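Structural overview
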Amino acid sequence: MIGIGNYYYSQLPRLCGLLLILGFFWQPVSVQAIDRSSSLYAEVQQSIYQVRIINRKTGHKRTIGSGFVIERPNLLVTNYHVVSAYTNDPENYSIEYLATNGATGNLELIDVDVLHDLAVLVADKNLGKPLKTDALPEKGATLYAFGNPLGLGFSVVTGTNNGLLTESEDKNILFSGNLNSGMSGGPALNEQGAVVGVNVATAGNAVSFLVASEYLNAVLAQLRLNDFKPRANLHESIVQQLKFSTTDMLQRLRTNSWKLVSVGGFKVPSRLDKTISCWDGSENNEDHGLVNVISVNCSNEREIYLDEKLSVGNMQYQYTWYDSDKMIPPRFYHMYEAQNSDETDNNATKENVTDFKCATNFVAITKQNFKMTICRRDYVRYKGLSDILVTGAMVSQKQKGFLFELFITGADFKESMRLVRQFFENFQWQI
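Residues numbered from 1 in each chain as written. Predicted model: local features only at pLDDT ≥ 70, side-chain atom pairs only at ≥ 80, totals over all residues. Heavy atoms only, no water.

1. Structural notes on the confidence of the model for the protein chain
- A residue-level look at the protein chain finds 89% of positions with pLDDT of 70 or above and a mean pLDDT of 88.
- Across residues 1-30, where pLDDT falls below 50, the model places 2 contacts with residues more than four positions away in sequence or in other chains. (pLDDT = per-residue confidence, 0-100. Contact = heavy atoms within 4.5 Å.)

Dropping the structure here:
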C-alpha cells in the first residue's frame, strides 16, 4: 500500500504532465475575448456601415455615425442624433452610407424613436445580412461594440456589460468600454453575435452607454404593422413622442409618495422619483461667515437630444436657505435680493423658442409671504411644448430667507403648473 506522500511523489511526473497540458489550454483563455472579437469582426463587417449627413450645397459631410443592417437586407438602424440635422432641415441635407469596401449610396429616413435616440433608414438596394437582436446577458458579460470611431475606419471595442441604469429615464445600458465619436449608432453584440444594444454616448474613462435592444425591437414592431413604409409625418410623430414622455413624467411625479426634508426653516419635497438625484449644495463662509447657507439641488439629469443647440426633458429644482443673526437687516436684505434671479443658462436659441414671458405676484405659502415669478417660453417647431421657470423668494422674515427655483424643459405648461402647485402644498414652515 502506497502512503499519501509516496503516492504524491510517485505521481509527480504524471501531475507535471497534466499541469503542462492544462497550461496549454489555460493560456489562450486570457485571449479568448480577443479571438472572439476577431471572429465577430469577420462575421459582421459586411453588415455595418458609416452613416453620413451630407450638405447638399457643398457635397461634404456634416456629421458621421455608424449603422447596421437590421430586420431586412435594405434596412439600417442608427442613432437619432446622427441624422438630426437632416430631420430638422431635409432640404439642405441628405443621408448617405459608406460601406467597408468603399461603396456609397443614399438612405431614406423612415422612422425614429427620439426618446431612445434611434432612427431607422432604408436603402434602394440590399446592404447585407440583417443582424439579430437578443436580450441583455448577465452583468459582467463581455460585449463587443462596433462602429467607425472618428471616421478612421471600422473598429471593435471590447467591454463589459454593467446592466441597465434602472434609476434613469432612458434606462440605457452601462458599458465599460471606450466608445468614441463616430461609433454612435453601431451595434453592441454578445458572444453569439446578436445585437443587445446600440452605441449611443460616452462619458470618457471607459464609461459608455448603449440603447437596450428592446427599444429597437419596439420600433421595428411598429414598422412591421405598416409594412415598413416611411412614417407619413415624421415631425409630428416626434412632437407626440415628446409630449407623451414629459406628460407621463410629470403625472408620475405627482402620484409618487414624496419624502420631505428639512432645509433651514422649511420642510420641502426632496427626491420626487428614483430617476431624480439630489445633492447638497450648501456653502460655508458666505460673507465671511456672517450668513448660514443651506442648499439642496435636485435633477433628473435627462437630456432628449433634438439638435446640437436643443435638448428637452430635463427638470431641476433647488432650495436655498439663508439666515444671519450677525448681519443687520438692511445688509441682509441687500445680500438676499442679489441671490434671487429668474435667469437660466439653457442654451436654446430664438430659432427654437420664443422669449420668456413672466408674471410676478405675492402669495402666502405655509403662512409665509413669497414673491413668486412664473416664466414661460414656447417652442417654435415643437408646438405644445414649453420651458417653465418658477422662482420664489420668502419676503416675510428680516434676517431669514428662502429661495426656490424650478426649471422644466420641453413640457406641457398646464401639467407643469399642477406639479408646481403640489410642490407648494407640501411646504411646511417649522420655526
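2. Some remarks on the state of the cysteines
- By the definition in use, this model includes 2 disulfides.
- Residue Cys 278 pairs covalently with Cys 298 via a disulfide, S to S 2.1 Å. Between Cys 278 and Cys 298, the disulfide has an S-S torsion of 110° and is therefore right-handed. Of this pair, Cys 278 sits in strand S15 (residues 277-280) while Cys 298 sits in strand S16 (residues 292-299), and the two are 20 residues apart along the sequence.
- According to the relative accessible area criterion, Cys 298 is buried, its value standing at 3%.
- Note on cysteine connectivity: Cys 358 is disulfide-linked to Cys 375, with sulfurs 2.0 Å apart. Given an S-S torsion of about 110°, the disulfide between Cys 358 and Cys 375 has right-handed geometry. Taken together, the positions of Cys 358 in strand S20 (residues 357-365) and Cys 375 in strand S21 (residues 368-378) put the pair 17 residues apart, joining distant regions of the chain.
- Among the cysteines of the protein chain that take part in disulfides, numbered as they appear in the sequence, the pairing is 1-2, 3-4. (Disulfide = S-S within 2.5 Å. Helix = DSSP H or I, 4+ residues; strand = E, 2+ residues; numbered from the N terminus. Buried < 20%, exposed > 50% of the residue type's maximum accessible area, 1.4 Å probe, protein only.)

3. Points about the sheet that holds strand S13 (residues 260-263)
- Ordered in space as S13-S14-S24, the 3 strands form an open sheet in which the pairing is antiparallel. What marks the edges here is a single partner per strand, and that holds for S13 and strand S24 (428-429).
- Bridge analysis of S13 against strand S14 (residues 266-269) gives 4 bridges, and the strand direction is antiparallel. Bridge assignment links Val 263 to a residue of S14, and that residue is Phe 266. (Pairing = 2+ DSSP bridges.)

4. Focus on the nonpolar core
- In terms of nonpolar packing, the biggest core is built from 41 residues, with Tyr 317, Tyr 319, Phe 402 and Phe 427 touching the most fellow members.
- For this core, the element with the highest residue contribution is strand S23 (residues 400-411), accounting for 6 residues.
- Core analysis: the second largest hydrophobic core is formed by 38 residues, Val 122, Phe 146, Leu 179 and Val 195 among them. (Core = buried A, V, L, I, M, F, W, Y, C linked by side-chain atoms within 4.5 Å.)

5. Topic: the environment of Gly 151
- Tracing the backbone shows Gly 151 in the loop between strand S7 (142-147) and strand S8 (155-164).
- Residues Gly 151 and Gly 65, 86 residues apart in the sequence, show an inter-C-alpha distance of 8.0 Å.
- Once you skip the residues sitting within four places of it in the chain, Gly 151 turns out to touch Gln 50 and Ile 64.

6. Focus: the pairing of strand S5 (residues 104-113)
- Within S5, 7 of the 10 residues are buried, which leaves it mostly tucked inside the rest of the structure.
- Of the pairings in the sheet, the one linking strand S4 (residues 93-98) to S5 comprises 4 bridges and is antiparallel in character. By the bridge assignment, Tyr 97 is partnered in S5 with Gly 105.
- Linking two consecutive strands that pair antiparallel, namely S4 and S5, is a turn of 5 residues; a positive phi of about 95° is found at Gly 102 within it.
- Between S5 and strand S6 (residues 118-123), which pair antiparallel one after the other, the connecting turn spans 4 residues, and Asp 117 there sits at a positive phi close to 60°.

7. A word on the environment of Arg 254
- Examined against the element boundaries, Arg 254 turns out to sit in helix H6 (residues 234-255).
- Placed 168 residues apart in sequence, Arg 254 and Gln 422 show a C-alpha to C-alpha distance of 7.4 Å.
- Residues in contact with Arg 254, not counting those within four places in the same chain, are Glu 415, Arg 418, Leu 419 and Gln 422.
- Engagement of the side chain of Arg 254 in a polar contact is seen with the side chain of Glu 415, the distance being 3.5 Å. (Polar contact = N/O pair within 3.5 Å; in protein donor to acceptor, adjacent residues only side chain to side chain.)

8. Overview of the packing of H6 against helix H8 (residues 413-425)
- The N-to-C vectors of H6 and H8 enclose an angle of 20°; their axes lie 9 Å apart at closest approach. Relative to H8, the element H6 lies roughly parallel. Considering how the two elements wind past one another, H6 and H8 form a crossing that is left-handed. The segment H6 lies against H8, with Thr 247, Leu 250, Gln 251, Leu 253 and Arg 254 engaging Glu 415, Ser 416, Arg 418, Leu 419 and Gln 422.
- In terms of residue class, the contact of H6 with H8 is made up of 3 nonpolar, 4 polar and 3 charged. (Axes fitted to C-alpha atoms, helices over the stretch in contact; angles between N-to-C directions. Parallel < 35°, antiparallel > 145°, perpendicular 65-115°, else oblique. Left-handed = near helix turned anticlockwise from the far one by under 90°. Nonpolar A, V, L, I, M, F, W, Y, C, P; charged D, E, K, R; others polar.)

9. Quick notes on the sheet that holds S21
- Sheet architecture is open: 7 strands sit in the order S15-S16-S19-S23-S22-S21-S20, paired in antiparallel fashion. If you trace the sheet from one side to the other, it starts and ends with S15 and S20, each paired once. Each neighbouring strand pair of the sheet contributes to a mean axis angle of 15°, computed without reference to strand direction.
- As defined by bridge partners, strand S22 (residues 386-394) adjoins S23 across 7 bridges and the pair is classed as antiparallel. From the neighbouring strand, Ala 393 faces S23, where its bridge partner is Leu 403.

10. Quick notes on the layout of surface pockets
- Its boundaries defined by the atoms lining it, the largest pocket holds a volume of some 570 Å³.
- Lining the largest pocket are 26 residues, with Asp 170, Asn 172, Glu 301, Arg 302 and Glu 303 positioned closest to its centre.
- The set of elements that each furnish at least two residues to the lining of the largest pocket consists of strand S11 (195-204), strand S12 (207-212) and strand S17 (304-307).
- Here the residues of the lining of the largest pocket sort into 9 nonpolar, 8 polar and 9 charged.
- Here the second largest pocket is characterised by a volume of approximately 400 Å³.
- For the second largest pocket, the lining is made up of 16 residues, of which Arg 62, Ala 85, Asn 88, Asp 307 and Glu 308 are closest to its centre.
- Secondary structure elements with two or more residues in the lining of the second largest pocket: strand S2 (61-69), helix H4 (80-88) and S17.
- Ranked by residue count, the leading element in the lining of the second largest pocket is H4, at 4 residues.
- Class assignment of the residues belonging to the lining of the second largest pocket gives a composition of 4 nonpolar, 5 polar and 7 charged. (1 Å grid on protein atoms, 1.4 Å probe; cavity = no way out; pocket = protein on both sides within 12 Å on 5 of 7 lines; lining within 4 Å. Points joined across faces, edges and corners; volume = space filled by probe spheres on them.)

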